[in-house]
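One letter stands for each residue in the lines below.
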Amino acid sequence: FLMVLLPVLTALLLAGFAYRQRRDPLLWHSVAFLSASLYLTPPFVGYLDNVLCLFLLAASLSFITATRDSWPARIAFGLFLLGAGLTHPTTLVFFGFCLGLMSVIRLVWRRFDVRSVVRDDGPMLMSALAAAVVTFLIWSIGLWGPSMPLTDAALAPPYDADFFVDRLVLWFEAMRPLFNLPLFIIGVVG
């Protein structure tokens, strides 16, 4: 149920978010098929925590623009991020970093108009920060049992660098770049 339904729902959520940004049916189909096809590659097969975390992050995207004006949207956005943090804390950190980077790019794009960026992105960033702090507190206090340091969620496996290089090559080859990269380029140009 989770290994099949979550990737499908995540692909639909991402496609819906893309469609709301640019009302183009081709964009909806492209995002849906591209994101769904990535779930068939080795980085996702069997890693239910990653799949669930990405589903929660994709669901949170629906609330990003509404966080500017709406408290319910801010709360929903923060709760989805909290769920993602409880599922996979390191992914929440990377997602928060991406949100911050997006705001920095917007700041540069708007010629350093800090007020407009704070007005537009401030509530979103504060909701994300609140979710990260609550995630940290839940891990530190041990809401469901003994407390654990958050670093226990990000322990590196005891493998050497060759293992990771071999795994990365396997993942890259599973995506069939000689076949899919030209199709991707044709799609982007089209």
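Residues numbered from 1 in each chain as written. Predicted model: local features only at pLDDT ≥ 70, side-chain atom pairs only at ≥ 80, totals over all residues. Heavy atoms only, no water.

**With respect to the confidence of the model for the protein**
Chain-level statistics for the protein give a pLDDT mean of 89 and a share of 97% at 70 or above. Mean pLDDT values over the elements of the protein span from 82, in helix α8 (residues 177-189), up to 96, in helix α4 (residues 71-87). (pLDDT = per-residue confidence, 0-100. Helix = DSSP H or I, 4+ residues; strand = E, 2+ residues; numbered from the N terminus.)

**Focus on the packing of α4 against helix α5 (residues 89-109)**
The geometry of α4 relative to α5 is characterised by a closest axis approach of 5 Å and an angle of 135° between their N-to-C directions. As the angle between them shows, α4 and α5 are arranged oblique. Every residue of α5 that contacts α4 at Phe77, Leu81, Ala84, Gly85 and Thr87 is listed here: Pro89, Leu92, Phe95 and Leu99. A per-class count over the contact of α4 with α5 returns seven nonpolar, two polar and no charged. (Axes fitted to C-alpha atoms, helices over the stretch in contact; angles between N-to-C directions. Parallel < 35°, antiparallel > 145°, perpendicular 65-115°, else oblique. Contact = heavy atoms within 4.5 Å. Nonpolar A, V, L, I, M, F, W, Y, C, P; charged D, E, K, R; others polar.)

**Considering unusual backbone geometry**
Positive phi values are uncommon outside glycine, yet Arg111 reaches one of about 55°. By the secondary structure assignment, Arg111 is in the loop between α5 and α6 (114-141). Although it is not a glycine, Phe112 adopts a positive phi angle of roughly 60°. With respect to the element layout, Phe112 can be found in the loop between α5 and α6. Overall, Phe112 belongs to the exposed group, its relative accessible area being 56%. (Buried < 20%, exposed > 50% of the residue type's maximum accessible area, 1.4 Å probe, protein only.)

**Considerations on the environment of Thr90**
Its place among the elements puts Thr90 in helix α5. What makes Thr90 partly exposed here is its relative accessible area of 24%. In the structure, Thr90 is positioned 68 residues away from Pro158 in sequence and 18 Å away in space, judged by C-alpha atoms.

**Overview of a nonpolar patch on the surface**
There is a patch of nonpolar side chains on the surface, built from Phe1, Leu2, Met3, Val4, Leu5, Val8, Leu9, Leu12 and Leu48 and spanning about 790 Å² of accessible area. Examining the composition of the nonpolar patch, we find that seven residues originate from one element, helix α1 (residues 2-21), more than from any other. Mapped onto the elements, Val8 comes out in helix α1. Residue Val8 is classed as partly exposed on the basis of its relative accessible area of 41%. (Patch = residues over 30% accessible without salt bridge, like charges linked within 9 Å, V, L, I, M, F, W, Y side chains within 5 Å. Areas by Shrake-Rupley, 256 points an atom, 1.4 Å probe, with all protein chains shown as cover. Salt bridge = Lys/Arg side-chain N within 4 Å of Asp/Glu carboxyl O.)

**Comments concerning the layout of surface pockets**
Quantified by volume, the largest pocket comes out at close to 680 Å³. Leu34, Ser37, Asn180, Leu183 and Phe184 are the residues nearest the centre of the largest pocket, which is lined by 21 residues in total. Of all the secondary structure elements, the ones that give two or more residues to the lining of the largest pocket are α2 (25-38), α7 (161-174) and α8. Partitioned by chemical class, the residues of the lining of the largest pocket number 14 nonpolar, six polar and one charged. (1 Å grid on protein atoms, 1.4 Å probe; cavity = no way out; pocket = protein on both sides within 12 Å on 5 of 7 lines; lining within 4 Å. Points joined across faces, edges and corners; volume = space filled by probe spheres on them.)

**Some thoughts on the nonpolar core**
Membership of the largest hydrophobic core comes to 21 residues, with the highest contact counts inside it found for Leu57, Ile64, Phe77, Leu81, Phe95 and Leu99. Element by element, the count of residues in this core is highest for helix α3 (residues 48-60), at five residues. Excluding residues within four positions of it along the chain, Phe95 makes contact with Leu57, Ser60, Leu61, Phe77 and Leu81. (Core = buried A, V, L, I, M, F, W, Y, C linked by side-chain atoms within 4.5 Å.)

**A few points about the pattern of salt bridges**
Counted by the stated rule, this structure contains four salt bridges. Between Asp120 and Arg68 there is a salt bridge, with its nearest N and O atoms 4.0 Å apart. Note that Asp120 is positioned in helix α6 and Arg68 in the loop between α3 and α4, a separation of 52 residues in sequence. Residue Asp120 is classed as buried on the basis of its relative accessible area, which comes to 14%.

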